[in-house]
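Commentary on secondary and tertiary structure
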Amino acid sequence: MNKDALYKLYITDDLSQRQVADKSGVSHGTIRHYLKKYNIKKNKSQPETSRNPKRCPSCDTTKPLVEFYKRSGGRSGSWCKTCMTNQVVARQRRYKAEAVALKGGCCQSCGFDKYMGALEFHHLDPTTKSGDIVRFSKGPHDPRVKAELDKCVLLCANCHRMAHAGMINF
């Protein structure tokens, strides 16, 4: 089998090994043998994006494969990176809103409730802190998260800083 012809069919024309075998009139095993002999390999870790566009069902747009996260096993995910990020952010905001509601919905020092992004969870005893509440994968109704929230008070950003400075005590 001619090396240049094999390279053209397998790499340039992007045919599978079986398609090259059918087109060349030889067996699949023969093609595998010559690909190994000539050390011809496709770079599967970095597919050429212009040849492999994929449609994201969330935003209904077609994007290159590099715009999709890789799953275990090397396959690309269903949603594009932008949609996945938006989904994660929305879930984290929903979880925080539920946790804020569980803790009363406002700063326990000054009563601030205008912007949820400014509300933070302050551990009354920092030595009992078992992790960052936002990083838990389950919502605030999960027993681990609920136990962690029970160790906290809800404060606005300003009151939280003052609590750490020792200006406010709980």
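Within each chain, residue numbers correspond to sequence positions counted from 1 in written order. Predicted model: local features are reported for residues with pLDDT of at least 70 only, side-chain atom pairs are reported and counted for 80 or more only, and whole-chain, interface and lining totals are derived from all residues. In computing side-chain properties, one takes all heavy atoms of the structure into account and sets aside hydrogens as well as water.

Glancing now at the pairing of strand 4 (residues 76-80). When strand 3 (residues 68-70) meets strand 4, the two strands line up antiparallel, connected through two bridges. Within strand 4, the residue paired with F68 across the bridge is C80. Hairpin connection between strand 3 and strand 4: a loop of five residues separates the two successive antiparallel strands, and G73 in this loop has a positive phi of roughly 95°. Two strands qualify as a pair provided that DSSP identifies no fewer than 2 bridges between them. Put simply, DSSP marks the helices as runs of H or I at least four residues long and the strands as runs of E at least two long, and each gets a number from the N terminus on.

Turning to the packing of helix 1 (residues 3-12) against helix 2 (residues 17-24), a few remarks are in order. Fitting a line to C-alpha atoms yields each axis, with helices limited to the stretch in contact; the angle taken between N-to-C directions then spans 0 to 180 degrees. Following both chains from N to C, one finds helix 1 and helix 2 inclined at 135°, their axes separated by 9 Å at the closest point. The angle between helix 1 and helix 2 places the two elements in the oblique class. Regarding helix 1 and helix 2, the two cross each other, and that crossing is right-handed. Judged by residue contacts, L6, L9 and Y10 of helix 1 engage Q17, V20, K23 and S24 from helix 2. Broken down by class, the residue content of the contact of helix 1 with helix 2 amounts to four nonpolar, two polar and one charged. Angles below 35 degrees are treated as roughly parallel, those above 145 as roughly antiparallel, those between 65 and 115 as roughly perpendicular, and all remaining angles as oblique. Handedness of a crossing is defined here by the sense of rotation of the near helix relative to the far one, left-handed for an anticlockwise turn of less than a right angle and right-handed for a clockwise turn. Residue contacts are defined here by distance: any two heavy atoms, one from each residue, within 4.5 Å place the two residues in contact. Here the nonpolar group is Ala, Val, Leu, Ile, Met, Phe, Trp, Tyr, Cys and Pro; Asp, Glu, Lys and Arg are the charged ones; every other residue, Gly included, is treated as polar.

Side chains that differ in sign of charge can pair as their charged atoms come close. Only one rule defines a salt bridge in this text: a Lys or Arg side-chain nitrogen within 4 Å of an Asp or Glu carboxyl oxygen. In total, this model carries six salt bridges according to the counting rule given. Of the charged contacts in the structure, one is a salt bridge between D14 and K42, with a shortest N-O distance of 3.0 Å. In this pair, D14 sits in the loop between helix 1 and helix 2 while K42 sits in the loop between helix 3 (28-37) and strand 1 (53-56), placing the two residues 28 residues apart along the sequence. Relative accessibility decides the category of a residue: with a 1.4 Å probe and only protein chains considered, values under 20% of the type maximum give buried, values over 50% give exposed, and everything between is partly exposed. We classify K42 as partly exposed; its relative accessible area is 27%. Where R55 meets D60, a salt bridge forms, and the shortest distance between an N and an O atom there is 2.8 Å. Using a relative accessible area of 54% as the deciding quantity, one classes D60 as exposed.

Stacked, edge-to-face and tilted labels apply to pairs of Phe, Tyr and Trp rings (six-membered ring for Trp) whose centres lie within 6.5 Å, assigned for plane angles under 30 degrees, over 60, and everything in between, in that order. One pass over the structure, following the stated rule, counts one aromatic pair. Directly above the ring of Y10 sits K42, whose terminal nitrogen or CZ lies 4.5 Å from the centroid. Over the aromatic face of F68 sits the side chain of K54, whose NZ or CZ is 5.3 Å from the ring centroid. Charge-over-ring placement is defined geometrically: NZ (Lys) or CZ (Arg) within 6 Å of the ring centre, and within 35 degrees of the ring normal.

Before going further, it helps to examine the nonpolar core. Counting residues in each nonpolar core, the largest one holds 15 residues, and the members touching the most others are C107, L119, F121, L155 and C159. Looking at this core, the elements with two or more residues in it are helix 4 (81-102), strand 5 (119-123), helix 5 (143-149), strand 6 (152-156) and helix 6 (157-165). Looking at this core element by element, the count peaks at five residues for strand 6. Excluding its chain neighbours within four sequence positions, the residues that come into contact with L155 are C107, Q108, S109, A118, L119, E120, H122, H160, A163 and F170. Definition of nonpolar core: a set of buried residues of the types Ala, Val, Leu, Ile, Met, Phe, Trp, Tyr and Cys, connected through side-chain atoms within 4.5 Å. Within the second largest apolar cluster, 11 residues are counted, among which are L6, L9, I11 and V20.

Within the secondary structure, H123 sits in strand 5. We classify H123 as buried; its relative accessible area is 9%. Throughout this description, a polar contact denotes any pair of N or O atoms lying within 3.5 Å of each other; where both atoms belong to protein, one of them has to be capable of donating a hydrogen while the other can accept it, and for residues adjacent in sequence the pair is counted only when both atoms sit in side chains. A distance of 2.6 Å separates the side chain of H123 from the side chain of E148, its partner in a polar contact. Each residue touching H123, except ones within four places of it in the same chain, is listed here: K129, E148, K151 and C152.

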